[in-house]
Amino acid sequence: MRKKEDLGKDRLIWIYTQMVRIREFEERVKRTFLEHPGAMRGHTHLGDGAEASIVGALATRNETDFVMPSYRCHGYPIVLGTPPRNMMAELYGRKDGLCKGFGGSMHLADPARYFPGTSGIIAAAIAHATGAALTAQVKNTGQVVYCFFGDGAAKQGGFFESVNMAACWKLPIVYVLENNEYQAYTHISLEDANCMAGDPLSKKAAAFSIPGVTVDGTDPLKVYEVVGEAVDRARSGQGPSLIESRFYRLSAHGNAITVPPAPTQFPEHEAIGVYGNKAEFQAAKANDPIQRFRSELIKNGVLSEAEASRIEQAARSEMDEAVQFALASPLPSPEEATNYVYA
Amino acid sequence: MPREMMYGEAMATAIMEEMKRDPNVIFYGQNMAMTERDPMLKAFGRNRVRIAPISETAEIGIAIGAAMTGLRPIVELWMSEFMLVAMDQVINEAPRLRYMSGGQVKVPIVLKAGYGFAAGWAGQHSNCIYHTMMGIPGLKVVLPSTPADAKGLMAAAIRDDNPVVYLHPYMLMIDSGEVPEGEFVVPIGIADVKRQGTDITIVATGWMVKKSLAAAEQLAAEGISAEVVDPRSLAPLDVETIVNSVKKTGRLVLVDQAPRHSSAAAIIAAEVAEHGFEHLRAPIKMVTALDTSIPYSEPLENYVLPNEEKIVQAAKSVLMRQVVAA
Ligand SMILES: Cc1ncc(C[n+]2csc(CCOP(=O)(O)OP(=O)(O)O)c2C)c(N)n1
Ligand SMILES: [Mg+2]
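Residues numbered from 1 in each chain as written. Chains lettered and ligands numbered in written order. Predicted model: local features only at pLDDT ≥ 70, side-chain atom pairs only at ≥ 80, totals over all residues. Heavy atoms only, no water.

S.K.: Outline the overall build of chain B, listing residues and values.
M.R.: Along chain B, the regular secondary structure elements total twelve helices and 14 strands. The principal-axis extent of the C-alpha atoms belonging to chain B is close to 65 × 45 × 40 Å. In chain B, buried positions account for 59% of the 326 residues. In chain B, of all internal contacts separated by at least 6 residues, the share reaching a separation of at least 24 is 79%. Split by element, the accessible area of chain B, about 12500 Å² in all, is 55% carbon and sulfur. (Helix = DSSP H or I, 4+ residues; strand = E, 2+ residues; numbered from the N terminus. Buried < 20%, exposed > 50% of the residue type's maximum accessible area, 1.4 Å probe, protein only. Contact = heavy atoms within 4.5 Å. Areas by Shrake-Rupley, 256 points an atom, 1.4 Å probe, with all protein chains shown as cover.)

Right, here's the structure in full:
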């Protein structure tokens, strides 16, 4: 069993640092829509609000474990050590982008860092992640797969079929269902049978006779413990678990969908923009996982105010530099478009 | 009296009018009618207007089952690729049931989806997948290119007793045009000559109709008279109108946003080769997307997709060539 008490000072500071780096990256991405209109195309989705869940989960990871999230994928590679400058350049559609400008925000990939790739089709990657777990099992590598997906994705056949197979084959995978209360513009209370019945979404695990646990995804240490137990189970051959990690997406689903050349920007969160529910959004803001963890670390003497500020300043500079790097990187030359069709 | 409206509004108007006309028409999909402010919900209530979770297989399969038993569902799918999750339902269920039952069963559903969003949506959200459907007997596929056609073909699709895939180009969503008010049905399977011309025929679909009309303007400035034909429906395909145009011009350029071998253009070219060969005075030319997935970055995306310039060049090259008699 992993206990949060076992996490040393360095590890706690590492967790805080990664959370802040994710937030600062996402803030830069969001600001791009104002500062460099048109630079980011298509549909960009942010992970602000998910930081505690992402980092708490990945804090349990061994160095060669696979990480496979959905299309809302910026946060994870930041923790894995992917240079934010290349991620940013990808979002700017530049030659030095992580995927050379071919993929954009929804399709980041960094296989060398055990981040094999992402899909924009809801729940498709749940099957891919399950396949990575099959590789680990067939080759007996001892790796575990961290599969992250949204509450919305948990309505898709791809979810049910994959989890059932993983349970049958006892695959080494942890399914982290990120319940951020929204499926794009639809509140979960309008589309999830468990939620409508007043049950947690982790109840879905019962359908496959695997462990299902709901955890407060705004607390990285709680996520650490719950995911840690599931990872240990998976690594020791006992098969998959389903963790419902509850947090709140702090930005709108994505930038507004517009037909070019009309510019696009980030609208208000759906709680306000669609449902007129300011109170819900403000409550979530007041429970910002980063602010909460910061206060906790300071209160417990892990960090001083000055040290916390230094971490934040460093993350800010790192992400400023990432934007400068992206802006300085050239656009790909058009003829490159015919590359990479076949291996 | 016609009224100026945007493409998106024209589709919504048709759905609204058809739902008023026929209480068996129901409408559901993801991320729609979320609040009581929604005009469809206000007009028809939650019994007929619903929110679906992200479950395309069930959304489409349930529509089929409801259609077999008396309803006429319209499913909002937003992007055509999301249908691929439920390809069995689209291709191997909806269009097969009537035939397999020896004509006893009918499946009047409309699968509404946008496509071809050439705006940086990258590899999985910008594609043209109509080729997958246009060769499936029993399935109808329509692709309106103007607000008026958007309204008229939506009405026709809803009234049709067969499964109809209704695809609308995302790039035309806010284009405006005159739309007839009240009852207005554009029959499925009838092409439309969008611009008259005598020197060359350009057959184009969806967003490419707009590009081809712009190219025809450019050609006109250089003294070349191009006729632009929009099939409007890919299945059934109005080969006759296309061949009649080729009869007049003797030259044909086909413009399609899909990659070459998954384009409607390739099918139309084959039909013209068989039914219009004697009228051709030069080889046919296809202007399609290159054979790649759609890349994210703008210069890459522009390179891959057809544009006005490529259409103009293709038309000129066809005009320069002659079929040499053997
Ligand atoms: C098969 C499919 N259907 C619909 C969509 C459109 N879509 C994109 S994001 C999204 C919502 C996903 O919600 P959730 O799984 O909760 O993830 P979150 O965005 O909250 O992280 C939808 C419906 C899609 N990409 N793929
Ligand atoms: Mg969600």
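S.K.: Please provide a residue-by-residue account of the coordination of the magnesium ion (ligand 2), values included.
M.R.: Residue and element names in this part refer to chain A. Summarising the metal site, the magnesium ion (ligand 2) is bound by the protein donors Asp151 (OD), Asn180 (OD1) and Tyr182 (O), whose distances to it range over 2.1 to 2.2 Å. Counting along the primary sequence, the residues that act as donors to the magnesium ion (ligand 2) give the motif D-x28-N-x1-Y. Each member of the pair, Asn180 as well as Tyr182, is classed as buried. (Donors = N, O, S within 2.8 Å, 3.2 Å for Na, K, Ca; no water.)

S.K.: Could you give me a rundown of the sheet that holds strand E14 (residues 285-289) of chain B, with the residues and numbers involved?
M.R.: All names here are of chain B. With respect to topology, five strands assemble into an open sheet ordered E9-E11-E10-E13-E14, the strand pairing being mixed. What marks the edges here is a single partner per strand, and that holds for strand E9 (192-195) and E14. On average, each strand axis in the sheet is tilted by 25° relative to the strand beside it, whichever way the strands run. The pairing of strand E10 (residues 200-204) with strand E13 (residues 252-259) spans four bridges and is classified as parallel. Within the sheet, the bridge partner assigned to Ala204 lies in E13 and is Val255. Taken strand by strand, helix H10 (residues 264-275) contacts E10, E13 and E14, and its axis lies near 150° from that of E13. (Pairing = 2+ DSSP bridges. Axes fitted to C-alpha atoms, helices over the stretch in contact; angles between N-to-C directions.)

S.K.: Summarise the interface of chain A and chain B; cite the residues concerned and give the values.
M.R.: Every contact between the two is made by 46 residues of chain A and, on the other side, 38 residues of chain B. Approximately 3200 Å² of surface area, both sides summed, lies buried where chain A meets chain B, with 65% of it carried by carbon and sulfur atoms. For the chain A face of the interface with chain B, the top three residues by lost area are Arg41(A), Ile121(A) and Val259(A), together amounting to 21%. Of the charged contacts in the structure, one is a salt bridge between Arg41(A) and Glu298(B), with a shortest N-O distance of 3.9 Å. At the junction of chain A and chain B, the tally comes to 15 residue pairs in polar contact (both at pLDDT 80 or more). When the residues that make up the side of chain A that touches chain B are grouped by side-chain class, the tally is 22 nonpolar, 17 polar and seven charged. (Buried area = accessible area lost by both parts, 1.4 Å probe. Salt bridge = Lys/Arg side-chain N within 4 Å of Asp/Glu carboxyl O. Polar contact = N/O pair within 3.5 Å; in protein donor to acceptor, adjacent residues only side chain to side chain. Nonpolar A, V, L, I, M, F, W, Y, C, P; charged D, E, K, R; others polar.)

S.K.: Account for the domain arrangement of chain B, with residues named and values stated.
M.R.: Residue and element names in this part refer to chain B. Domain annotation of chain B identifies domain 1 (2-180) and domain 2 (192-320). The interface formed by domain 1 and domain 2 holds three salt bridges in total. The partner of Asp149 in a salt bridge is Arg232, with the nearest N and O atoms 3.0 Å apart. The tally of links from domain 1 across to domain 2 stands at 13 residue pairs in polar contact (both at pLDDT 80 or more). Residue assignment for the side of domain 1 that touches domain 2 shows that the elements contributing at least two residues are helix H6 (131-134), strand E6 (140-142) and helix H7 (147-159). Per-element accounting of the side of domain 1 that touches domain 2 gives the leading share, three residues, to E6. The class makeup of the residues in the side of domain 1 that touches domain 2 is 17 nonpolar, eight polar and three charged. (Domains from an automatic or database assignment.)

S.K.: Just give me the short version of a nonpolar patch on the surface, but keep the residues and values in it.
M.R.: Residues and elements named next belong to chain A. A surface patch of nonpolar side chains, amounting to about 380 Å² of accessible area, comprises Leu134, Val138, Met165 and Trp169. Breaking the nonpolar patch down by element, the ones donating at least two residues are helix H5 (124-138) and helix H6 (157-169). Locating Val138 in the fold gives a position in helix H5. (Patch = residues over 30% accessible without salt bridge, like charges linked within 9 Å, V, L, I, M, F, W, Y side chains within 5 Å.)

S.K.: Explain helix H10 (residues 278-286) of chain A to me, and be specific about the residues and the numbers.
M.R.: Residue and element names in this part refer to chain A. What H10 keeps buried is the set Glu280, Phe281 and Ala284. Along H10, the residues classed as buried sweep out an arc of 95° about the axis, all on the same side. Exposed side of H10, more than 90 degrees from the buried face: Ala279 and Ala286 are the residues found there. In this structure, the buried side of H10 is in contact with strand E4 (182-183), strand E5 (186-187) and helix H9 (270-273). (Arc of directions from axis to C-beta.)

S.K.: Break down the environment of Gly114(B) for me, with residues and values.
M.R.: Residue and element names in this part refer to chain B. As for its position among the elements, Gly114 is in strand E5 (residues 110-115). C-alpha of Gly114 to C-alpha of Tyr166: the two residues are 52 residues apart in sequence and 8.4 Å apart in space. Apart from residues lying up to four places away in sequence, Gly114 is in contact with Trp78, Met79, Ser80, His168 and Tyr170.

S.K.: I'd love a proper account of the pattern of salt bridges, names of residues and values included.
M.R.: All names here are of chain A. Across all of its chains, the model carries 43 salt bridges over all chains by this definition. A salt bridge links Asp199 to Lys203; its shortest N-O distance comes to 3.0 Å. Overall, Asp199 belongs to the partly exposed group, its relative accessible area being 27%. The exposure class assigned to Lys203 is partly exposed, which follows from its relative accessible area of 43%.

S.K.: For the side chain of Lys211(B), give the residues involved together with the corresponding values.
M.R.: All names here are of chain B. For Lys211, the location among the structural elements is in helix H8 (residues 207-221). The side chain of Lys211 sits in the buried core without any salt bridge; Glu308 is the nearest counter-charge, 5.2 Å away. Not counting chain neighbours up to four residues away, the residues in contact with Lys211 comprise Pro306, Asn307, Glu308 and Ile311. (Lys, Arg positive; Asp, Glu negative; His and termini not counted.)

S.K.: Go over the site of ligand 1 with me, naming the residues and quoting the values.
M.R.: What surrounds ligand 1 is a group of 22 residues, the closest being Tyr71(A), Arg72(A), Gly152(A), Asn180(A) and Glu56(B). The environment of ligand 1 is shared, with nearby residues belonging to chains A and B. Between a nitrogen atom of ligand 1 and a side-chain N or O atom of Glu56(B), the distance comes to 2.6 Å. When isolated, ligand 1 has an accessible area of 580 Å², and the protein chains bury 94% of it. Partitioning the shell around ligand 1 into residue classes produces nine nonpolar, ten polar and three charged. (Near = heavy atom within 4 Å.)

S.K.: Residues and numbers for the packing of aromatic side chains, please.
M.R.: Residues and elements named next belong to chain A. Using the criterion set out here, one finds 15 aromatic pairs over all chains in the structure. Geometrically, the ring pair formed by Tyr76 and Phe148 is tilted, given 4.7 Å between the ring centres and 40° between the ring planes. With Tyr76 in helix H3 (residues 75-80) and Phe148 in strand E2 (residues 145-150), the pair connects residues that are 72 residues apart, well separated along the chain. Judged by relative accessible area, which is 2%, Phe148 ranks as buried. (Phe/Tyr/Trp six-rings, centres within 6.5 Å; stacked < 30°, edge-to-face > 60°.)

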